[in-house]
Amino acid sequence: MEAKQAVAPGTEGRGAGLKRRLAVYGQKYGILVALVLVCLVLAVVNEYFLTARNITNVLRQTSINGILAVGMTFVILTRGIDLSVGSVVALAGIVAASLATTSSTAGVAGGPYPALLAIAAGLSVGMACGAVSGIVVSRFAVPAFVATLGMLSAARGLTLLYGGGRPVPELTPGFRVIGTGEVAGIPVLVIIFAVVFLIAWWVLSATRFGRHVYAAGGNPHAAVVSGINVRRIRFLVYVISGGLAGLAGMMLAARTGSALPQAGIAYELDAIAAVVIGGTSLAGGVGRVTGTLIGALLISVVNNGLDLMGVESYYQQVIKGVLIVAAVMLDQARHRRE
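Here the structure is a predicted model, which means the values were calculated and not measured.

Criteria and thresholds
- Note on numbering: residues in each chain are counted from 1, in written sequence order.
- In keeping with the model being predicted, local features are shown solely for residues with a pLDDT of at least 70 and side-chain atom pairs are shown and tallied solely at 80 or more, while totals for entire chains, interfaces and linings include all residues.
- Hydrogen atoms and water are omitted, and side-chain values are computed over all heavy atoms in the structure.
- For the purposes of this entry, the term helix denotes a DSSP run of H or I that reaches at least four residues, the term strand denotes a run of E that reaches at least two, and both are numbered from the N terminus.
- It is over C-alpha atoms that the radius of gyration is taken, and the globule rule equals 2.2 Å times the number of residues to the power 0.38.
- Summary of the burial criterion: residues with accessible area below 20% of their type's maximum are buried, those above 50% are exposed, and those between are partly exposed, where the area comes from a 1.4 Å probe applied to protein chains only.
- It only takes one pair of heavy atoms within 4.5 Å for two residues to be counted as in contact.
- Using a 1.4 Å probe, the Shrake-Rupley method yields the accessible areas, and only the shown protein chains count as cover for residues.
- Residues scored as charged are limited to Lys and Arg (positive) and Asp and Glu (negative), so that His and the chain ends carry no count.
- By convention, charge coordinates are those of NZ in Lys, CZ in Arg, CG in Asp, or CD in Glu.
- Only one rule defines a salt bridge in this text: a Lys or Arg side-chain nitrogen within 4 Å of an Asp or Glu carboxyl oxygen.
- To count toward a patch, a residue needs a relative accessible area over 30% and no salt bridge; like charges are then connected within 9 Å, while nonpolar side chains (Val, Leu, Ile, Met, Phe, Trp, Tyr) are connected within 5 Å.
- Among buried residues, those of type Ala, Val, Leu, Ile, Met, Phe, Trp, Tyr and Cys that are joined through side-chain atoms within 4.5 Å constitute a nonpolar core.
- Segmentation of the chain into domains, including their bounds, is taken from an automatic or database domain assignment.
- Helix axes use the C-alpha atoms of the stretch in contact, all axes being lines fitted to C-alpha atoms, and the angles between their N-to-C directions lie in the range 0 to 180 degrees.
- Each angle receives one of four descriptions, namely roughly parallel if under 35 degrees, roughly antiparallel if over 145, roughly perpendicular if within 65 to 115, and oblique otherwise.
- Buried area counts how much accessible surface, traced with a 1.4 Å probe, disappears from two parts once they are put together, with both parts' losses summed.
- Polar contact is the term for a pair of N or O atoms within 3.5 Å; when the atoms are in protein, one must be able to donate a hydrogen and the other to accept it, and sequence-neighboring residues count only if both atoms are side-chain atoms.
- All residues other than Ala, Val, Leu, Ile, Met, Phe, Trp, Tyr, Cys, Pro, Asp, Glu, Lys and Arg, Gly among them, are scored as polar; the first ten of these are nonpolar and the last four charged.

A.B. asks: Residues and numbers for the overall build of the chain, please.
C.D. replies: The helix and strand inventory of the chain stands at 13 helices and two strands. Here the C-alpha atoms of the chain give a radius of gyration of 22 Å, agreeing with the 20 Å that 2.2 N^0.38 yields for 338 residues. Projected onto the principal axes, the alpha-carbon positions of the chain cover approximately 95 × 55 × 35 Å. Out of the 338 residues in the chain, the part that is buried amounts to 47%. Of the contacts formed within the chain by residues at least 6 apart in sequence, a portion of 79% connects residues at least 24 apart. As presented, the chain carries roughly 17000 Å² of accessible surface, and 67% of it is formed by carbon and sulfur atoms. Here the chain carries 24 positive and 12 negative side-chain charges, and the mean point of each set is 12 Å from the other.

Next up, the structure:
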């Protein structure tokens, strides 16, 4: 018979502990490693990928989806979902643009109005849409999928009604600054996204409200017992998501030079993809806004790389779908292990 090799006491425990640590590191830094590897591959495949102009373009593309994804992170952390953000992008964009256009046919009587007033109106529209969804979800216990699906349809209809199905062109230079301006060579779009990200990171990691968001998503019943107003938290995260969708809508209109009634179609899918790929669990209570940032960057890098290689947009949708499913499968596998 073959003799069995002796195992030193504690060796098996150390091996299991090493596996657990590696799993934790993989969950924390796996998406970052994936982003770096994709960048390296694209840099080798295409000489234009690492040029300053292309990197700036990637950051511009990331900014709008990234802002939507930050708001979506708050919602998903509470076990919710917001399918309405794409339609809110269109509605807030067209309302704000109507106040900041020199067009006599598409603008509001007496316009154009100051850019700050137009921006305030867009933010208010976004937050109002989020508040309606939040009330329906938190007060009437309607599933978030159903409530925000209804808002998706309602906001798109309101967009068409408000603008008569026509775009709003000829936006004022003061309003367009948020989409086309630069500060010290850095696009204002990117600066706005950076500010939104930093505020969200601070709120979730260093404030009581952030801790309550995690608690409301991790174990709602325990959160209620401990005195947390879970209904209020759920309401507020939808207001945040709606407000950021309104901001993204204005940035999109300012960047393109006109607000389109069909803007924002399927943007909710990109936002959800960035959040899920970034490691935020659909089961709630687990996730980081830094992961969302990396997820949004990964999606933009992949899209940009495929564009540079001349790959049709249809394949980009397929790849994005595969990434979403793979991320959810990994999340489910982690929950089974736990």
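A.B. asks: Let's hear about the pattern of salt bridges: which residues, and what values?
C.D. replies: On inspection of all chains with the given rule, the structure shows one salt bridge. Across the salt bridge formed by arginine 60 and glutamate 182, the nearest N and O atoms sit 3.2 Å from each other. Separated by 122 residues along the polypeptide, arginine 60 in helix α2 (residues 52-77) and glutamate 182 in strand β1 (residues 182-183) bring together distant segments of the chain.

A.B. asks: Quick rundown of a nonpolar patch on the surface? Include the residues and the values.
C.D. replies: Where nonpolar side chains cluster on the molecular surface, the patch consists of Tyr29, Leu32, Val33, Val36, Leu37 and Leu40 and spans about 540 Å² of accessible area. Mapped onto the secondary structure, leucine 37 falls in helix α1 (residues 11-45).

A.B. asks: Could you give an account of unusual backbone geometry, with specific residues and numbers?
C.D. replies: Backbone torsion omega between glycine 111 and proline 112 reads 5°, so that peptide bond is classified as cis. Mapped onto the fold, proline 112 is located in the loop between α3 (85-99) and α4 (115-138). Residues other than glycine seldom take positive phi values, yet arginine 79 does so here, at roughly 70°. As for its placement among the helices and strands, arginine 79 is situated in the loop between α2 and α3.

A.B. asks: Tell me about the nonpolar core, and name the residues and values.
C.D. replies: In terms of nonpolar packing, the biggest core is built from 89 residues, with Ile67, Val70, Phe175, Ile192 and Leu247 touching the most fellow members. A total of 13 residues in this core trace back to one element, the largest contributor, which is helix α10 (residues 230-256). Domain assignment of the residues forming this core places at least three in each of domain 1 (1-45) and domain 2 (49-337). Sequence-distant contacts of phenylalanine 175, defined by excluding residues within four places in its chain, comprise Ala96, Ala100, Ala115, Ala118, Ile119, Met250 and Ala254.

A.B. asks: So, the packing of helix α7 (residues 188-206) against helix α12 (residues 289-308): which residues are in play, and what are the values?
C.D. replies: Closest axis-to-axis distance for the α7/α12 pair is 9 Å, and the angle between their directions is 150°. Compared by their axis directions, α7 and α12 come out roughly antiparallel. Facing α7, whose interface residues are Phe193, Phe197, Ala200, Trp201 and Leu204, α12 presents Val289, Thr290 and Leu293.

A.B. asks: Now, about the environment of proline 173: what can you tell me, with residues and values included?
C.D. replies: Relative to the helices and strands, proline 173 is located in helix α6 (residues 173-180). Taking the C-alpha atoms as reference points, proline 173 and alanine 100, separated by 73 residues in sequence, lie 9.0 Å from one another.

A.B. asks: Help me get a handle on the domain arrangement of the chain, residues and values and all.
C.D. replies: As assigned here, the chain comprises domain 1 (1-45) and domain 2 (49-337). Here the C-alpha centre of domain 2 lies 34 Å away from the C-alpha centre of domain 1. With 11 residues of domain 1 in contact, the opposing surface of domain 2 contributes 13 residues. Counting the surface lost from both domain 1 and domain 2, the interface buries some 1100 Å², and carbon and sulfur atoms represent 83% of this. For the pair domain 1 and domain 2, the interface holds zero salt bridges. Counting across the domain 1 and domain 2 interface gives zero residue pairs in polar contact (both at pLDDT 80 or more). Here the side of domain 1 that touches domain 2 is composed, by residue class, of nine nonpolar, one polar and one charged.

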